Each structure stands twice: as structure tokens, then as C-alpha cells.
Amino acid sequence: MSRTTAPRSRQVIDLPLDVRTQEKAITEKARCVEDGRLATYRPDGRNVERFLALLSRRMNRQLAVSFTGCVHCGLCADACHYSLAFPDDPQMAPVAKADRIRKIFKRHIDWTGRIAPWWVGARRPVDDEDLNELKNVVFGLCSGCRRCTLNCPMGVDTAGLIRFARGLLTELGIVPEGIFNVSRDQWDTGNQMGVSEEDYLETLAWMRDEVRAELGTDTVDIPVDKEGCDFLYVINPREIKFDPRSIGQAAKIFHLAGESWTMPRWGWDNTNFGLFSGDDALGAFVAANAYDAATRLKAKRIVISECGHGFRSTRWEGYGWAGRDQDVPSESVVVTLFRWLEEGRLRVDPGRNPLPVTFHDSCNIARSGGITEEPRRVLARVCADFREMTPNRTENYCCTGGGGLLSMAEYRPVRLEAAAVKARQLEATGAKLVCTMCHNCIDGLTDVIKHYGLDMKVVQILELVDAALVL
Amino acid sequence: MSPFLKTLENEVQLICLAFLALVYILRLAWIFRFRSARDRGLAEGSGFRGAGYSLGSVAMPWAMESIRRRPFFYIQFVFFHLGVVAAIAATFIIPYAPGLFEKRFIVRGFQIVIGAAFASGVLRLVRRLSNRTLRSISRPDDYASLALMIAFFLAGTLAIPNHPEKGEAALIAFFGLTAFFLVYVPFSKICHYLYYPFTRYFLGLTLGRRGVWPPARGRRGSASSADGTAAGRPS
Ligand code: SF4
Ligand code: SF4
């Protein structure tokens, strides 16, 4: 008996809309839901109408030309880890994903689609089911890595279109539960893991004590809300919750480098779920928290800890979302480390990191952030055996956990299958350590390593610099 | 030359050209109607250099992995677009500078280029029909645009010797298709060349400011300075 297997994309596209956490937030009277900053799903049959109105209102020139500029050449299919992992499933191609929103744009805004919709494949969504399918495609089959964008001969920003679609759906509450939950935390607590101020301060104090004990001096500190410092340090909440060690490592290195620094009591989260959910208002709120903290504390610059989307959001996108020009300079902590190493402020011995190390470029840092060389220069100084993975820099493959996918458990099985591309790339290096300057990539890569049984461990740059320090 | 062909080569072309220009102006106005977004972070690199790199990538087949992996696709692309330029030039040469096509080597040169474009077009159509992903994303406009271009190249190759006295069919087909194109193009995907400079410019501007493009290896890094330049990050 012959059996037809549905393409893997259908297993994502057909997932129903789950609004249980939204209902819970309503019952619990979550502040951001009460005051309307975070939308919840309204089953009143008017979502298509709202969606189309939002589509028109949010359109800008960059998006409009990316919508119209695609020639359906299909070259982007070779760039995406989803379509590479599922070559027989046309729905995995970036252009096919973007076409799901492009056809609505054509029918609703572009004249060709309004005159002859069937000729150009223009079509409006009919009901919430259609919008839910769109949700599953743009959230579940794309990590927003932008590899397709940089490989499009026309310069079409497919990842930008996908984020745009995410933003429209977020405003209708047609979102994966994970996206809703994390957005809720970030709106209501100012950080995406809902860390309380008490926990934050306690963890910093704990790490300070650890570093004091290690260095045998009380002069080392993790200052909070100190004015007029050389820099303000903003981190990923994952560091407080799961990896406080990285804060201790940073504190130790900052102390040795001899620059004054502080962390803010409020506005310390450099991550930004607005980038993933497409919610520019959330993006503006979170980014402005950090910008305002720097201004309030008269910091000379903002230093962003090792986080890919945090770097992209804080360093680049946040100003656009918040509608303000950058006034305080900012940089990744890896750039700071590189400078200190160059200036001889830190003494290191690469022999202390003898295992073969490879470097994974975070999509948000390399393709959307412009940093590719500094991490390599740092690693060249602190590791004895550095090996490039292929491809690398702006051509590297995503860790597969980008775009907020780590928070969306329902898409995990397909994500991990698509990660076969990444697994092969990692394995080919023969390295024992894969270093990345992104907390999100740590979790994404760890998932890949576990799933494919690779003999590797994920580390960060701070960790390797710390291990190589000659005190 | 029959009066019909004469009118088709001249007045009809000019009217259709004027129509094309008008629709393009409207199309540009439509694009500019949308507000423009911009990066507001202090620049690490030059937006204009990035835009230049982005626009120039068409001539840098090594710059993009997707093209690097498919050199044959790039060669087809080059022939196809050279053919477009040659065929368009021919639509002006035949009515306004016919003397040029009295030189045999020029005619041959045009025929080779446009003939190669014809072959590229056929290969592209085969690819579109045989590749599952391409088939699934293709709309009637994708097929029609390609089929029309193939017909245009074929008619152009045959019409270029410009001998109406030996038969006008090829010339009528060529100029008939040209007139049709001038009216149809703004509504079809062939119009992509109007958007191309915008998409590439916008992407290049953003990535240039961020120091992603042009790709530079071996940069030194430090915090961007408040005056918008990249202190210590010579590009
Ligand atoms: S590579 Fe660009 S133009 Fe080609 S199909 Fe993909 S998005 Fe469209
Ligand atoms: S952004 Fe990345 S994951 Fe998304 S479609 Fe493009 S290549 Fe695929």
C-alpha cells in the first residue's frame, strides 16, 4: 500500500492557534494586557479587516520595494537552512514564505494585484484560519537569520518582510504562546525573563563576592546606578537566571582593564523581543530603557554583553523603533575586549585554551550588525587552536534558534530537523569548542549538538578570555 | 516598406513609449508616497559605499554565495540582460539610424547577443518548469513575461538585418512585440528593473552604515563616536 507523507512544512502550517496563555494573562490582569500595550486575540470575525488596515498603515518605502522587487528567481532557496534541509518541500523556500504576505500586499496595495489578482497570484486572507497559517509560516519556519536577504540578487529583504508580517499578527494576538509570554514579561518587568529587581541585585552582589574571593581583593565591584562612568553595561537576562558566571567574568575583566563601569537598576536588559515579534512599540520601550539609563547615569558609552539580537536591537534597530537619533555611543563587549587586548591592558596566554575552537557568527551580529573581525582577533590571542567553520562571517548558517524560535516549543521538531545543515557544518570543523558571542546561539547550538550527538561544547568569548587571563 | 510597418516603427512606438514613461512616473510617485525608514544609530561605515557595493554586486558574481554556487546561472543572466539592451537598442536603430545595420558585422554581433539571450530565456523557462520550488512560486505573470521575452528575442534576431523588402513579418513581429511590451511591462514583473535600484540601494545603505558592506576583513574596533564616525574602525 502506498502512503503519501505530507511535506514537513504542513506539520507547522496546520498547527492551531493556542490562546491559553493569553486567557491566563487576561485572568491575571497582566498590566500590559490591561492597558492595551500587548494585544490579545479577539474572535469577533474582524481580524482580517484589522490586518489589512494595519498593513496599509505600517507600510514604508523599504518594505514596498521589497514586496514588489522579487522576480521569483528562487535563488534564495539555496540560502535558507530550512529549504536546504527539506529540498523537496517548496514551502520552505524563503520566497514561498514571503509570498504568503506578498500576495496580500499585492491584492490590497499594489495596483497589478488589484487589477488582475489571478495573474500575479494576489489574494487576501479570508478568515482567521488564513491568518493563523500565516502566523505558523512567519514564526515557525523562519529564524529571521537574513541569509536569504544577503543572497538575493535583487536585494529583496525577505527577512524584513517576515518580521513585518509578524508585527501585524502580534497586534492581533495571533501569535505563538511563547512570543506572547516573553513579550508580556518584557513589557511588565522590563526584561524578557521576568527577573525581579531583588533577584537582579542579589545575583550581582553574589557575583561580586565570588570575584572578590577569587582575586583576593575588595576593590573589585559590580556597581549599580553609579553616575559618570566610562561605560554602562547591559546584559541578557539569561545571564542572571542561568549563567551568572558570565557577569562575574565580565566584572573581573573590567576590573583588570581599569575602566569605570556600572550596571543600571532599570534598563539593564539588552535583549528585545520586539525584534522577534515584530512589535516596534515593545522594541522602542525596551531599547529606550537602556538609552535612558545611559543618559540618566551620564555614562560615556553603552557596552552590550554577548547577545546577538540584543546587540542588533540596542546598537541599531532600537533607535529607529524609538524614533530617536543615537546620542551615546555603544559597542559590543567583544569590541571592548579586543581594544583592551590591543592596548595591552589584559595579559593572556593562549596556551590556557588548548582545545580546538571554532567560531559561530551570530546572524544578528555579522549579517545585521557588522562585527566579524574583532571576535576572531580576540580568539586568535586567547586560543591555541582556532579553526574557521565554512561558510563563515556574513555567510554563516543560523544556530537555528534565532528569531525567537527557542521560545516556541511547537516548532521545535521541524527546527531541529532543519538544523541538520548546521550540525554538518559544526562537525566538519573537528573542533571541540564552538565559541559564539550570543546567549541565544548558546541555547540554539546546544540543542543542535545534543540532537545530533556531536562531541562539542558551546562557549563564549568572555569565558575564553577569562580562562586565558594571566593575573 | 509598407505604411503599416512605418507607422508601427515610429508613431506607435512613440505613443507606447510615452505611455510607459507616464506609468513609470506614476509608479515612482507611488513608491515615494510611502514614508522612508532610516537607521538612526551612529554609523560604523559609509552608507553610500554600502549602497555602491550593493548596486555594483550585479557585476561581482563572487560577492554572493547564491551566485557563486551557480556560475552558469550568472552567465545566463548576463546574456539575457545584454540581449535586452541590444534588442531595445535595435528598436531605436532600425527606425532612426538604419545605416548602422548596413554593416554586416554589427548585424551579426547583435544577432549573436540577442540569440544568446533567446537561448538563456529558453533555459530559464525549462528551469522554471522543471524545478519544483520554482513551479510552486510561479504565477501566470512569471511564465508570460518569460515567454514574451523569448518571443521578443527570437523576433529581434530575425528582424535585425532590417530588410523589409525581403518580407516584413519579422519586423512587424518585433515592433508589434515592442509596442506590446511598452504597454505591458509596467504591470508585469519585467518592471523589476525599476525597483532594483531601490531595493539594492536601501539594503546597501543600511548595511553600509553598519559596516557590513563592503565586506572588510581585518578591521580594528572601538566604540562609535558621537559625531557619527567610527573611531578606530577604519574601513
Ligand atoms: S532570491 Fe530574491 S528575487 Fe529571487 S526569489 Fe528570492 S527574494 Fe525573490
Ligand atoms: S531569514 Fe533565514 S530562516 Fe528566514 S527564510 Fe531567510 S534564510 Fe530562511
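Residues numbered from 1 in each chain as written. Chains lettered and ligands numbered in written order. Predicted model: local features only at pLDDT ≥ 70, side-chain atom pairs only at ≥ 80, totals over all residues. Heavy atoms only, no water.

Visitor: Requested: an account of the overall build of chain B, with residues and values cited.
Guide: Scanning chain B from terminus to terminus reveals 9 helices and 0 strands. In chain B, the succession of α and β elements from N to C terminus is α-α-α-α-α-α-α-α-α. Against the 2.2 N^0.38 benchmark of 18 Å for 235 residues, chain B shows a C-alpha radius of gyration of 22 Å, more extended than a compact globule. Seen through its principal axes, chain B has C-alpha atoms that stretch 70 × 40 × 35 Å. A burial count over chain B gives 50% of its 235 residues as buried. Once local pairs closer than 6 in sequence are excluded, the contacts in chain B between residues at least 24 apart make up 73%. For chain B, the centre of its 28 positive side-chain charges and the centre of its 11 negative side-chain charges are spaced 12 Å apart. (Helix = DSSP H or I, 4+ residues; strand = E, 2+ residues; numbered from the N terminus. Rg over C-alpha atoms; globule rule 2.2 N^0.38 Å. Buried < 20%, exposed > 50% of the residue type's maximum accessible area, 1.4 Å probe, protein only. Contact = heavy atoms within 4.5 Å. Lys, Arg positive; Asp, Glu negative; His and termini not counted. Charge placed at Lys NZ, Arg CZ, Asp CG, Glu CD.)

Visitor: Can you tell me about the nonpolar core, naming the residues and giving the values?
Guide: Residues A:Phe51, A:Met59, B:Phe101, B:Phe110 and B:Phe174 are the most contacted members of the largest nonpolar core, which totals 124 residues. Apart from residues lying up to four places away in sequence, B:Phe174 is in contact with B:Ala87, B:Ala90, B:Thr91, B:Ile94, B:Phe152, B:Ala155, B:Gly156 and B:Ala159. Counting residues in each nonpolar core, the second largest holds 62 residues, with A:Ile247, A:Tyr319, A:Val334 and A:Val335 among its members. (Core = buried A, V, L, I, M, F, W, Y, C linked by side-chain atoms within 4.5 Å.)

Visitor: Please provide a residue-by-residue account of the environment of A:Asp385, values included.
Guide: All names here are of chain A. Structurally, aspartate 385 is set in strand β6 (residues 385-387). With a relative accessible area of 25%, aspartate 385 lands in the partly exposed category. Setting aside its immediate chain neighbours within four residues, aspartate 385 contacts Pro354, Leu355, Pro356 and Val357. Polar contacts involving the side chain of aspartate 385 include one to the side chain of arginine 387, which spans 3.1 Å. (Polar contact = N/O pair within 3.5 Å; in protein donor to acceptor, adjacent residues only side chain to side chain.)

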